Amino acid sequence: MDGFIYSIAFTVSVLTGFLATVGMVLHEFPEGVVTYLLLLRSGFDERRAALLAFAAAAASTPVGMLVSWPMVSAIDPPTLGLLLALSAGALVYVGATHLLPRAEQEHRRYSIVALAGGVLVAVVIVLSKA
């Protein structure tokens with residue numbers, strides 16, 4: 001699903017796709033580390049755990065993007081805008097339901113820095129369309 005979202009982002013504009021990719025890397029790297037650690041604790045050896053974590057966290061998103069690209073690139077602009085809005089809404093939902101409760105447990109200044117960074121990225125995206 002992530003690959004489909006990033007395929008939509010790149011179809012909208014290269015800058016939007018690039019910014020989404022930065023977010024993807026920031027999201028997928030910790031996910032891969034967590035997956036790796038879970039696999040190690042489940043009894044997998046280090047090499048196999050690393051390969052499976054890479055496949056699950058890092059390789060699946062670009063593959064999803066490449067598979068969905070032919071379909072997404074053929075979508076007309078109004079429908080593409082709708083899909084981009086739905087994608088953004090899905091990511092906001094995940095952030096609000098899964099990440100926000102955890103962020104409330106952290107020190108307040110770190111949460112404010114993260115919020116400011118997110119607002120800055122949103123402003124750059126909006127200004128890139130002006």
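A brief look at the structure comes next.

What counts, and at which threshold
- Residues numbered from 1 in each chain as written.
- Predicted model: local features only at pLDDT ≥ 70, side-chain atom pairs only at ≥ 80, totals over all residues.
- Heavy atoms only, no water.
- Helix = DSSP H or I, 4+ residues; strand = E, 2+ residues; numbered from the N terminus.
- Contact = heavy atoms within 4.5 Å.
- Lys, Arg positive; Asp, Glu negative; His and termini not counted.
- Charge placed at Lys NZ, Arg CZ, Asp CG, Glu CD.
- Expected span 1.5 Å × (residues − 1).
- Buried < 20%, exposed > 50% of the residue type's maximum accessible area, 1.4 Å probe, protein only.
- Bend = angle between axes of the 7 residues up to and from the residue.
- Polar contact = N/O pair within 3.5 Å; in protein donor to acceptor, adjacent residues only side chain to side chain.
- Patch = residues over 30% accessible without salt bridge, like charges linked within 9 Å, V, L, I, M, F, W, Y side chains within 5 Å.
- Areas by Shrake-Rupley, 256 points an atom, 1.4 Å probe, with all protein chains shown as cover.
- Salt bridge = Lys/Arg side-chain N within 4 Å of Asp/Glu carboxyl O.

Assigned secondary structure in the protein consists of five helices and zero strands. Secondary structure elements of the protein occur, N-terminal to C-terminal, as α-α-α-α-α. Dimensions of the protein, computed from the C-alpha atoms along their principal axes, are close to 50 × 40 × 20 Å. Look at the contacts in the protein between residues 6 or more apart in sequence, and 64% of them connect residues 24 or more apart. Each charge sign in the protein was given a centre, from 7 positive and 8 negative side chains, and these centres are 7 Å apart.

In an α-helix, one turn spans 3.6 residues, which is why side chains three or four residues apart end up on the same side. Taking 1.5 Å per residue as the helical rise, helix H2 (residues 14-41) with its 28 residues ought to reach 40 Å, and the 40 Å between its terminal C-alpha atoms agrees with that figure. The set of residues buried in H2 consists of Thr 16, Gly 17, Leu 19, Ala 20, Met 24, Glu 28, Gly 32 and Leu 39.

Moving on, we get to helix H3 (residues 46-73). When the terminal C-alpha atoms of H3 are compared, their 39 Å separation across 28 residues agrees well with the 40 Å that a helix rising 1.5 Å per residue should span. The sharpest bend along H3 comes to roughly 50°, located at Ala 59, with the proline Pro 62 sitting one to four residues further on. Of the residues making up H3, those classed as buried are Ala 49, Ala 53, Ala 57, Thr 61, Ser 68 and Val 72. Its side-chain oxygen placed 3.2 Å from the backbone nitrogen of Arg 47, Asp 45 serves as the N-cap of H3.

Another point: the side chain of Ser 7. Along the chain, the position of Ser 7 falls in helix H1 (residues 2-12). Setting aside residues up to four positions removed in sequence, Ser 7 forms contacts with Met 65, Ser 68, Trp 69 and Val 72.

With that out of the way, let us pick up a nonpolar patch on the surface. There is a patch of nonpolar side chains on the surface, built from Leu 15, Phe 18, Val 22, Leu 26, Leu 120 and Val 124 and spanning about 540 Å² of accessible area. Elements with a contribution of two residues or more to the nonpolar patch: H2 and helix H5 (108-128). At four residues, the largest contribution of residues to the nonpolar patch is made by H2. Note on placement: Phe 18 falls in helix H2.

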